[in-house]
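Reading the structure
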Amino acid sequence: MNSLIIKEEDIETIDEKNFYTLNEDQNAHMNNIVGIKVGKSLKGTILNKGLCDLVVNTITPKITCEITANRPGVESEISLLVGASRPQTMKKVIEHGASLGITQFHVFKAELSDKSYLQSKVYEDSEFQKLSELGLSQSTCFFKSPKVIVHKNIHCALSHLANLNISNKLILSPFAKKGLIKHTSLLPNKPMVLAIGPERGWTDKELTLLVDNNFSEFSLGPSIMRVEIALFASLGVINQYFEK
């Protein structure tokens, strides 16, 4: 945990100063892992607002911090279109995808996805929130609370994305000849959709459909990667284009 995840409604104002009392999980982490004392400086992420600096004010019975400064975070508008994979894989996709700037997860049953994957509890509000906030707490720069939308097929997903009017659309393809870093469409802080197939990959039909919907193909090299590794590698390149 590099940054405390804070909801704006949990901030208390006393004598024109803002305070935040850590929740049970945060208290346990700070006491058992980090070690805490009055006056210690901490970093915070105020969901959907930005970043902040905190100083520990009291440690008993719960840790309370004063918010001493507010800072802007990194603006990210990355939507991930991903074929449903095993729950353990999707947990990594959600947690670490959030830490690297994903703001919307569009999960659909791909032609080579198991139909049971969409029933996973990982997409339920409480579990998704837990995983995405864990990712944001690692980031220290992104602050937007991600959303997840589950689509029954790729056509429903593309129909939804079409309403967002995003022109910057990329797809990881085994047939692409251009590397991601060479894409001139990678403009800093511009909305984009990143499409990555399920564990068994895209079908030719799906790839054709995506290209017909103005997705540009890119490659990460000759290796066949796991879904989560392909995502992290792609986002690692994209993150280089964000303004610090």
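Going by the structure above, here's the rest.
The structure contained in this document is the topic of the report that follows. (Residues numbered from 1 in each chain as written. Predicted model: local features only at pLDDT ≥ 70, side-chain atom pairs only at ≥ 80, totals over all residues. Heavy atoms only, no water.)

Looking at the nonpolar core
The condition that has to hold: For the purposes of this section, nonpolar cores are sets of buried Ala, Val, Leu, Ile, Met, Phe, Trp, Tyr and Cys residues that join through side-chain atoms within 4.5 Å. Burial classification: accessible surface area is computed with a 1.4 Å probe over protein chains only, and a residue below 20% of its type maximum counts as buried, one above 50% as exposed, and the rest as partly exposed. Under the scheme used here, helices are H or I runs from DSSP no shorter than 4 residues and strands are E runs no shorter than 2 residues, and both carry numbers assigned from the N terminus.
Residues L80, L194 and I238 are the most contacted members of the largest nonpolar core, which totals 35 residues. The set of elements that each furnish at least two residues to this core consists of strand 7 (78-83), helix 2 (87-99), strand 8 (102-108), helix 3 (125-139), strand 10 (169-172), strand 11 (192-196) and helix 6 (227-239). When residues of this core are assigned to their parent elements, the largest contribution, six residues, is made by helix 6. In terms of nonpolar packing, the next biggest core, distinct from the first, is built from 15 residues, L161, I171, V193 and A195 among them.

Looking at the packing of aromatic side chains
Counted only if it meets this: By convention, a stacked pair of Phe, Tyr or Trp rings (six-membered ring in the case of Trp) has centres within 6.5 Å and planes under 30 degrees apart, an edge-to-face pair has planes over 60 apart, and any other such pair is tilted.
The full count for this structure, using the stated rule, is two aromatic pairs. On the basis of an interplanar angle of 80° and a centroid distance of 5.7 Å, the ring pair of F105 and F128 is categorised as edge-to-face. Of this pair, F105 sits in strand 8 while F128 sits in helix 3; the two residues are 23 residues apart in sequence, bridging distant segments of the chain. For the pair shown, F105 and F128 are each scored as buried.

Topic: the sheet that holds strand 4 (residues 41-46)
Strands belonging to one sheet form pairs held by backbone hydrogen bonds; the direction of such a pair is parallel or antiparallel. Here is the rule: Pairing between strands requires that DSSP locate at least two bridges from one strand to the other. Structural elements are reduced to axes, namely lines fitted to C-alpha atoms, with helices fitted over the stretch in contact, and the angle between N-to-C directions of any two is expressed from 0 to 180 degrees.
The strand order 1-4-5-6-3-2 describes an open sheet built from six strands, whose pairing is mixed. With one partner strand each, in any of the chains shown, strand 1 (4-6) and strand 2 (11-14) form the two edges of the open sheet. Neighbouring strand axes in the sheet, compared pairwise and without regard to direction, differ in orientation by 40° on average.

As for the pattern of salt bridges
Worth spelling out the cut-off: Here, a salt bridge means any side-chain nitrogen of Lys or Arg that lies within 4 Å of a carboxyl oxygen of Asp or Glu.
All told, the structure shown has six salt bridges when counted by the stated rule. Salt-bridge contacts for E75 lead to K144; the nearest nitrogen and oxygen are separated by 3.0 Å. You can see E75 sitting in the loop between strand 6 (64-71) and strand 7 and its partner K144 sitting in the loop between helix 3 and strand 9 (147-151), a full 69 residues away along the chain. Overall, E75 belongs to the partly exposed group, its relative accessible area being 43%. One network of salt bridges, in which partners are shared, links E75, E77 and K144.

Observations regarding the state of the cysteines
Going by this rule: Here, the term disulfide refers to a pair of cysteine sulfur atoms separated by no more than 2.5 Å.
Tallied over the full model, the rule gives zero disulfides. C141 forms no disulfide, and the closest cysteine sulfur to it belongs to C52, at a distance of 14 Å. Of the residues examined, C141 reaches a relative accessible area of 23% and is grouped as partly exposed.

Re the pairing of strand 3 (residues 17-21)
Alignment of strand 2 against strand 3, held across four bridges, turns out to be antiparallel. Its bridge partner being in strand 3, E12 is matched across the sheet by F19. Connecting strand 2 to the antiparallel partner strand 3 that follows it, the hairpin turn spans two residues, and D15 within it adopts a positive phi of roughly 50°. Examined bridge by bridge, strand 3 and strand 6 share four bridges and lie antiparallel to one another. Each residue of the ladder has a partner; that of T21, found in strand 6, is T64.

Some remarks on the side chain of S173
What counts is decided by this rule: Any N or O atom pair separated by 3.5 Å or less is treated as a polar contact, with the protein-specific requirement of one donor-capable and one acceptor-capable atom, and with residues adjacent in sequence counted only for side-chain atom pairs. Contact criterion: two residues are considered in contact whenever any of their non-hydrogen atoms come within 4.5 Å of each other.
If you trace the backbone, S173 turns up in the loop between strand 10 and strand 11. A distance of 2.7 Å separates polar atoms of two side chains, one belonging to S173 and the other to E217. Apart from the residues lying within four places of it in its own chain, the contact partners of S173 are L207, E217, F218 and S219.

As for the packing of helix 2 against helix 6
Rules: In what follows, roughly perpendicular refers to angles from 65 to 115 degrees, roughly parallel to angles under 35, roughly antiparallel to angles over 145, and oblique to any angle outside these ranges. By convention the crossing between two helices is left-handed if the near helix lies anticlockwise of the far one by an angle smaller than a right angle, and right-handed if it lies clockwise.
It is at 9 Å that the axes of helix 2 and helix 6 come closest, and there the two elements cross at 15°. The angle between helix 2 and helix 6 places the two elements in the roughly parallel class. Judged by the twist between their axes, the crossing of helix 2 over helix 6 is right-handed. Contacts between helix 2 and helix 6 pair T89, K92, V93, H96 and G97 from the former with V227, E228, L231, F232 and L235 from the latter.

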